[in-house]
Amino acid sequence: MKLDFPGFAQEFLRRNPVYRDQYHKVMSGKHARPQQEKEEMARRWGLSFSLFALPSGN
């Protein structure tokens, strides 16, 4: 299977036990955290993107 960069990143995170544990603690279940904490967790793992980013090639 050939993956592009986002696909590779998704597979890396999906298989990473530390990410999975943090995701479960912050994003799901009856102990879900406030939005700010969810955004901080996403940024720690490189899952936030600038709204002003230009498409590749520009």
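Quick look at the structure, then.

Reading the values: the criteria
- Residues numbered from 1 in each chain as written.
- Predicted model: local features only at pLDDT ≥ 70, side-chain atom pairs only at ≥ 80, totals over all residues.
- Heavy atoms only, no water.
- Axes fitted to C-alpha atoms, helices over the stretch in contact; angles between N-to-C directions.
- Helix = DSSP H or I, 4+ residues; strand = E, 2+ residues; numbered from the N terminus.
- Parallel < 35°, antiparallel > 145°, perpendicular 65-115°, else oblique.
- Left-handed = near helix turned anticlockwise from the far one by under 90°.
- Contact = heavy atoms within 4.5 Å.
- Nonpolar A, V, L, I, M, F, W, Y, C, P; charged D, E, K, R; others polar.
- Buried < 20%, exposed > 50% of the residue type's maximum accessible area, 1.4 Å probe, protein only.
- Polar contact = N/O pair within 3.5 Å; in protein donor to acceptor, adjacent residues only side chain to side chain.

Each packed pair of helices is defined by two parameters, the angle between the axes and the distance between the axes. One way to put it is that helix α2 (residues 17-27) packs onto helix α3 (residues 35-44) with a least axis distance of 10 Å and a crossing angle of 165 degrees. In terms of orientation, α2 and α3 fall into the roughly antiparallel class. Between α2 and α3 lies a crossing of left-handed hand. Contact with α2, carried on its side by Y19, Q22, Y23, V26 and M27, involves E37, K38, M41 and R44 of α3 and no other residues of that element. Class assignment for the residues of the contact of α2 with α3 results in 5 nonpolar, 1 polar and 3 charged.

With respect to the element layout, N16 can be found in the loop between α1 (5-15) and α2. A relative accessible area of 14% places N16 in the buried class. Reaching out from N16, the side chain makes a polar contact with the backbone nitrogen of V18 at a distance of 2.9 Å.

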